[in-house]
Amino acid sequence: MSDFEKALRAYEEQYPKLPERRDGYFKTLSGNDVKPLYTPADVAGQDHARDLGLPGEFPFTRGVHATMYRGRLWTMRQFAGFGTAAETNARFKYLLEHGQTGLSVAFDFPTLMGYDSDHSRSRGEVGRCGVAIDSVDDMARLFDGIPLDQVSTSMTINGPAAMLWAFYIAAAERQGVPGEKLRGTIQNDILKEYHAQNSWLIGPEPSLRIITDIFKYGRDHVPQWNTVSISGYHIREAGSTAGQELAFTLADGLCYIDEGVKAGLELDDFAPRLSFFFDVHIDFFEEIAKFRAARRIWARELKKRGAKSAKSLLLRTHAQTAGVSLTAQQAENNIVRTAVEALAAVLGGTQSLHTNSYDEALALPTEKAAQIALRTQQIIAHETGAAHVIDPLGGSYYVEALTDRLEREAYAYFKRIEELGGMFAAIDSGFFRREIAKSSFQQQKEAESGKRKVVGVNCYETESVEPPILYIDPKLEEEQKKNVQRTRAERDSLKVEAALRKLEAACRGGDRNVMAALVDCARVRVTQGEMCDVCRKVWGEYRKLAAV
């Protein structure tokens, strides 16, 4: 036994007897115990050549690209959207002028739920939490003066994702930009809506039918577009642990893979266009480990399913700092929280990053707050040296042990989902929602009891002054209603009726691709609500989900 091994054994025998300091609460945010010291014993049996490898090589634990940020920095995005398309267009131009390298669109509730702005259910919500988009005319205004062949656009939309993508494709055609030149992502992750976010139109199985048609349309007409961004973000924001976010997100991704293959697609034809979207919470090391475990699991599972293209094995991800970690109390503290979370995303190896603004616990961000959030990324990229080294925490006993633990948690959940009868049966039973609800309750209880410290909320409390917040003029709702009514008045009603009939026929079956029918609808100025109503008519609204 070497001198080091002797000293290590003596220490390991001694430290359980050492008195705990502070409050004795040493757990990850997810509730897992954290030892005072991690040693080679915690990664004993790990095959580093197999589990770690090199960056850009299977199983991609250390990164999906060989050079990572030494070759190219991550894409810096800021989620933006409010009021009408014209207001958001001005914010997009502001962000691009200040160094943002990709656009990310936030939509209002009526758009997320598939209703036009003049629908009775939209009253009071138009343009409030995002931008209102009712037709291709709105999409054209949203990107007026922004060449769509020169930007990458991400759209956080799920139930009506196909409709909004159709508007984007048709708006690009108005600019003279063909689908082959478009780059970006639609979230289009309907499965996580049934787990956490609740903005669905129809049930899981017909939704998957539309999504596989989107895969086919993207393969043939918009080959550079990421047709699904499989989102753990909303699962985590609903209160899940890191392990649940990892497991449920990857399970959703594997379901999309399996359904695409069932629909007759070659796995390597569509798998490379699937991307991911993870939350980055405040537990620094756990979040870094989560990204590393995700890449490793995805690569192995795709290989098991017969993927032959190296691009199919790559888990490419966007990340966003945790909205639920932001506090209304002492809001300026959120700048620090966001910086720590952003650094974790970078050290975890994200390809794209959005940093939340410090005032978002109170309202949509002001221009100043959005600029500080963007500058946070730029300082990490250019001043800290964090982008110099690929996976700098690789080999850390603690990080490797966390990575292994999260991987084990994910596989345990995969087994439970399979035992329940698969994804659709697990959704219908309410399994995902119950698991998330239990974790959320536990985390909230720990914060309210003071067991888990939240600075400025349950400790170090002081009077704080509310920062200036963004004001949304209620008159914008009336303006947007006039916009959609003007579109209906000006368009060719015969073309609209013909397009809607073809859409209904495609939904009911046959060889017609639903996505292709939606693009035809967008071209003749059919509104989002009209398209969604066809889907609701054919498939009905989903009400089967079990209560938590």
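The rules behind each value
Residues numbered from 1 in each chain as written. Predicted model: local features only at pLDDT ≥ 70, side-chain atom pairs only at ≥ 80, totals over all residues. Heavy atoms only, no water. Helix = DSSP H or I, 4+ residues; strand = E, 2+ residues; numbered from the N terminus. Buried < 20%, exposed > 50% of the residue type's maximum accessible area, 1.4 Å probe, protein only. Contact = heavy atoms within 4.5 Å. Areas by Shrake-Rupley, 256 points an atom, 1.4 Å probe, with all protein chains shown as cover. Lys, Arg positive; Asp, Glu negative; His and termini not counted. Charge placed at Lys NZ, Arg CZ, Asp CG, Glu CD. Pairing = 2+ DSSP bridges. Right-handed = clockwise from strand over helix to strand, strands pointing away. Patch = residues over 30% accessible without salt bridge, like charges linked within 9 Å, V, L, I, M, F, W, Y side chains within 5 Å. Salt bridge = Lys/Arg side-chain N within 4 Å of Asp/Glu carboxyl O. Core = buried A, V, L, I, M, F, W, Y, C linked by side-chain atoms within 4.5 Å. Axes fitted to C-alpha atoms, helices over the stretch in contact; angles between N-to-C directions. Left-handed = near helix turned anticlockwise from the far one by under 90°. Nonpolar A, V, L, I, M, F, W, Y, C, P; charged D, E, K, R; others polar. Expected span 1.5 Å × (residues − 1).

Caption draft 1: Region of the structure containing the overall build of the protein chain. Scanning the protein chain for helices and strands turns up 22 helices and nine strands. Expressed along its principal axes, the backbone C-alpha trace of the protein chain runs to roughly 85 × 55 × 45 Å. For the protein chain, the residues scored as buried account for 57% of the 548 residues in total. The long-range share in the protein chain, meaning contacts at least 24 apart out of those at least 6 apart in sequence, stands at 79%. A total accessible area of about 23,000 Å² is found for the protein chain, and carbon and sulfur atoms account for 51% of it. For the protein chain, the distance from the average site of its 70 positive side-chain charges to the average site of its 75 negative ones is 2 Å.

Caption draft 2: Region of the structure containing the pairing of strand β8 (residues 317-321). Burial analysis of β8 places five of its five residues in the buried class, which makes it a mostly covered element. Side chains T317, A319 and T321 of β8 all project onto a buried face; the interleaved residues H318 and Q320 project onto the opposite face, where all are buried too. Inspection of the sheet shows strand β7 (residues 274-280) paired to β8 by five bridges, in the parallel sense. The residue of β8 that forms the bridge with D279 is Q320. Examined bridge by bridge, β8 and strand β9 (residues 352-354) share three bridges and lie parallel to one another. Bridge pairing in β9 places H318 opposite S352. On the question of chirality, the crossover connecting β8 to the parallel β9 by way of helix α14 (residues 333-348) is right-handed.

Caption draft 3: The arrangement of a nonpolar patch on the surface in detail. A cluster of nonpolar residues, I282, V336 and V340, forms a patch on the protein surface that exposes about 210 Å² of accessible area. Of note, I282 is situated in the loop between β7 and α13 (284-304). Under the relative-accessibility criterion, I282 is labelled partly exposed at 32%.

Caption draft 4: Structural context of the nonpolar core. Grouped together as the largest cluster of nonpolar side chains are 79 residues, with contacts concentrated most on W74, Y256 and L302. Sort the elements by how many residues they give to this core and helix α11 (residues 242-262) lands first, with 10 residues. Y256 has contacts with N188, D189, I190, L191, L208, I211, F215, V228, I230, F270 and L274, leaving out every residue within four places of it along the chain. Formed by 59 residues, the second largest nonpolar core is a distinct cluster that contains M139, M163, Y217 and V222.

Caption draft 5: The arrangement of the pairing of strand β6 (residues 228-231) in detail. Of the two faces of β6, the one lined by V228 and I230 and the one lined by S229 and S231 are each fully buried. Alignment of β6 against β7, held across four bridges, turns out to be parallel. Counted as the bridge partner of S231 is F277 from β7.

Caption draft 6: Structural detail: unusual backbone geometry. Each neighbour pair has its own omega, and for F58 with P59 the value is 5 degrees, a cis peptide bond. As for its position among the elements, P59 is in the loop between α2 (48-51) and α3 (68-71). Within the chain, Q330 stands out as a residue other than glycine whose phi angle is a positive 45 degrees. As for its placement among the helices and strands, Q330 is situated in the loop between β8 and α14. Classification of Q330 as buried rests on a relative accessible area of 12%. Positive phi, close to 75 degrees, is recorded for R525, a residue that is not glycine. As for its position among the elements, R525 is in the loop between α21 (514-523) and α22 (528-539).

Caption draft 7: Structural view of the packing of helix α4 (residues 85-97) against helix α15 (residues 367-382). The N-to-C vectors of α4 and α15 enclose an angle of 35 degrees; their axes lie 11 Å apart at closest approach. Crossing geometry of α4 relative to α15 is assigned as right-handed. Where α4 approaches α15, its residues R91, Y94 and L95 are matched on the opposing element by E367, A370, Q371 and L374. Here the residues of the contact of α4 with α15 sort into four nonpolar, one polar and two charged.

Caption draft 8: Main features of α22. Counted at 1.5 Å a residue, the expected span for α22 with its 12 residues is 16 Å, and the 17 Å between its end C-alpha atoms agrees. Within α22 the residues assigned to the buried category are Q528, G529, E530, M531, C532, V534, C535, R536 and V538. Those residues of α22 hidden inside the fold are in contact with α5 (109-113), α7 (161-174), α9 (204-221), α19 (475-490), α20 (493-508) and α21. Looking one or two places after α22, you find G540, whose phi comes out positive at around 80 degrees.

Caption draft 9: Spatial organisation of the environment of I169. By secondary structure assignment, the location of I169 is in helix α7. For I169, a relative accessible area of 4% translates into the label buried. Spatially, the C-alpha atom of I169 lies 25 Å from that of V261, the residues being 92 residues apart in sequence. Not counting the four nearest positions on each side in its chain, I169 is found in contact with L182, Y217, V222, M515 and V519.

Caption draft 10: The environment of G83, seen in detail. Tracing the chain through its elements places G83 in the loop between β1 (75-80) and α4. Judged by relative accessible area, which is 3%, G83 ranks as buried. Leaving out residues up to four positions away in the same chain, G83 has contacts with G127, G130, V131, A132 and L476.

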